[in-house]
Amino acid sequence: ILGLWLFTALAMSAKIARRPAVLMQDLRVLPGRAGMAASTMAGMAAALVLAPYEPVVALGLLWVSLVLHGVLAAALIWVMVTTPGEARQITPAWHLSFVGFIVGALAAVPLEQLWLAEWLLWVMIPVAVAIWAVSAVQLVRRIPPAPLRPMLAIHLAPAALFVTVAVSLGHFELANGFALVALGIAAALLIGLRWVLAAGFSALWGSFTFPLAAFASALLAVGGVWYWLGVAMAIAAVIAVPMIAFRVLKMWATGALAGKTNAAEA
């Protein structure tokens, strides 16, 4: 997994180094925003994996990823300020750009940076709640087009991550509260799954992978009455995530992914 992350990170770095303007161009389109945010979040996740083996390297990677994620968030704000109204619409991908810092809290705990984990948890909660609230109003007022509906799954990720971080910090009541929120979002997605998948497979199905894995981990972390549901979700993630990842990587390898996501070319 670390090898795959390093390969993709190097590929993205090479693209930006070859033509730096692609960074701002990718931030002007929805898939590009999600992909850029996911790249730095993956760096935080890599720090979590490295923590037990190379804590010094992991801590450095965590801080680099957090700083880069902040730079991307600031760049996205600039793009939105200077872009016409339609591009400023709040989408589920906002969670990745503005709440994605919470992944850093997962790595901060084993790296004994508890102050950082606490700070990230309490700062990110109101940001996520604001995005959920605005998105709910938008969903009532306007049905999203079928190709973009898979991104609704991203709403599950913050709630799931809040559960895991809260458990690791000993905030068990908070963890159970967000477990209920996550369960509600997951239930809504499951009930409307046929509607969400109406457009067929696309790269945006990647929106299911991280939230599903995070949801399974959250339920297993909180345990108790949530445990067996967590086991079921973990089994589902083990089956679904590699399948989706393989199909998306196959599109990338053949050059089809850039065209389908309107990605900028270096």
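Residues numbered from 1 in each chain as written. Predicted model: local features only at pLDDT ≥ 70, side-chain atom pairs only at ≥ 80, totals over all residues. Heavy atoms only, no water.

**Q** Describe the layout of surface pockets, listing the residues and the values that go with them.
**A** Within this model, the second largest pocket holds a volume of roughly 720 Å³. Along its surface, the second largest pocket is lined by 29 residues, and Thr 91, Pro 92, Leu 139, Pro 144 and Leu 152 are the ones closest to its centre. Of the residues assigned to the lining of the second largest pocket, the class counts are 18 nonpolar, seven polar and four charged. (1 Å grid on protein atoms, 1.4 Å probe; cavity = no way out; pocket = protein on both sides within 12 Å on 5 of 7 lines; lining within 4 Å. Points joined across faces, edges and corners; volume = space filled by probe spheres on them. Nonpolar A, V, L, I, M, F, W, Y, C, P; charged D, E, K, R; others polar.)

**Q** Provide a residue-level description of the side chain of Thr 91, including the pertinent values.
**A** Looking at where Thr 91 falls in the secondary structure, it is placed in the loop between helix H4 (55–81) and helix H5 (94–99). Looking at Thr 91, the relative accessible area reads 14%, which means it is buried. Not counting residues up to four positions away in its chain, the partners in contact with Thr 91 are Leu 30 and Ile 131. (Helix = DSSP H or I, 4+ residues; strand = E, 2+ residues; numbered from the N terminus. Buried < 20%, exposed > 50% of the residue type's maximum accessible area, 1.4 Å probe, protein only. Contact = heavy atoms within 4.5 Å.)

**Q** Would you mind going over the environment of Leu 62 in detail, with residue names and values included?
**A** Checked against the element boundaries, Leu 62 lands in helix H4. Spatially, the C-alpha atoms of Leu 62 and Ala 47 are 5.5 Å apart, while their sequence positions differ by 15 residues. Non-local contacts of Leu 62, meaning those with residues more than four positions away in its chain, are made with Met 44, Ala 47, Gly 104, Ala 107, Ala 108, Leu 111 and Leu 116.

**Q** Kindly report on the nonpolar core, identifying the contributing residues and their values.
**A** A general feature of soluble globular proteins is that nonpolar side chains tend to end up buried together. Leu 62, Ile 102 and Phe 162 are the most contacted members of the largest nonpolar core, which totals 73 residues. By size, the runner-up hydrophobic cluster in this structure holds five residues, among which are Leu 27, Met 36, Leu 72 and Ala 75. (Core = buried A, V, L, I, M, F, W, Y, C linked by side-chain atoms within 4.5 Å.)

**Q** Can you explain the environment of Pro 31? Please cite residues and give values.
**A** For Pro 31, the position within the fold is in helix H3 (residues 30–50). As a C-alpha pair, Pro 31 and Leu 204 span 173 residues in sequence and 7.5 Å in three-dimensional space.

**Q** Lay out empty space enclosed by the protein in plain terms, naming residues and giving numbers.
**A** For the coordinates displayed, the defined rule picks out two cavities of 30 Å³ or more. The space that makes up the largest cavity amounts to roughly 50 Å³. As for the largest cavity, its lining consists of Met 41, His 95, Leu 96, Val 99, Gly 100, Ile 102, Ala 157, Pro 158, Leu 161 and Phe 210. Counting residues per element, the ones that place at least two in the lining of the largest cavity are H5 and helix H8 (156–168). Looking at the lining of the largest cavity, its residues break down into eight nonpolar, two polar and no charged. Here the second largest cavity is characterised by a volume of approximately 40 Å³. Lining the second largest cavity we find Leu 27, Arg 33, Met 36, Ala 37, His 69, Leu 72 and Ser 97.

**Q** How would you summarise the packing of aromatic side chains if you had to cite specific residues and measurements?
**A** Under the defined criterion, the tally for this structure stands at seven aromatic pairs. Pairing Trp 132 with Phe 178 gives two aromatic rings, centres 6.5 Å apart and planes at 40 degrees, and the pair type is tilted. You can see Trp 132 sitting in helix H7 (residues 114–141) and its partner Phe 178 sitting in helix H9 (residues 172–191), a full 46 residues away along the chain. Judged by its relative accessible area of 9%, Phe 178 falls in the buried class. (Phe/Tyr/Trp six-rings, centres within 6.5 Å; stacked < 30°, edge-to-face > 60°.)

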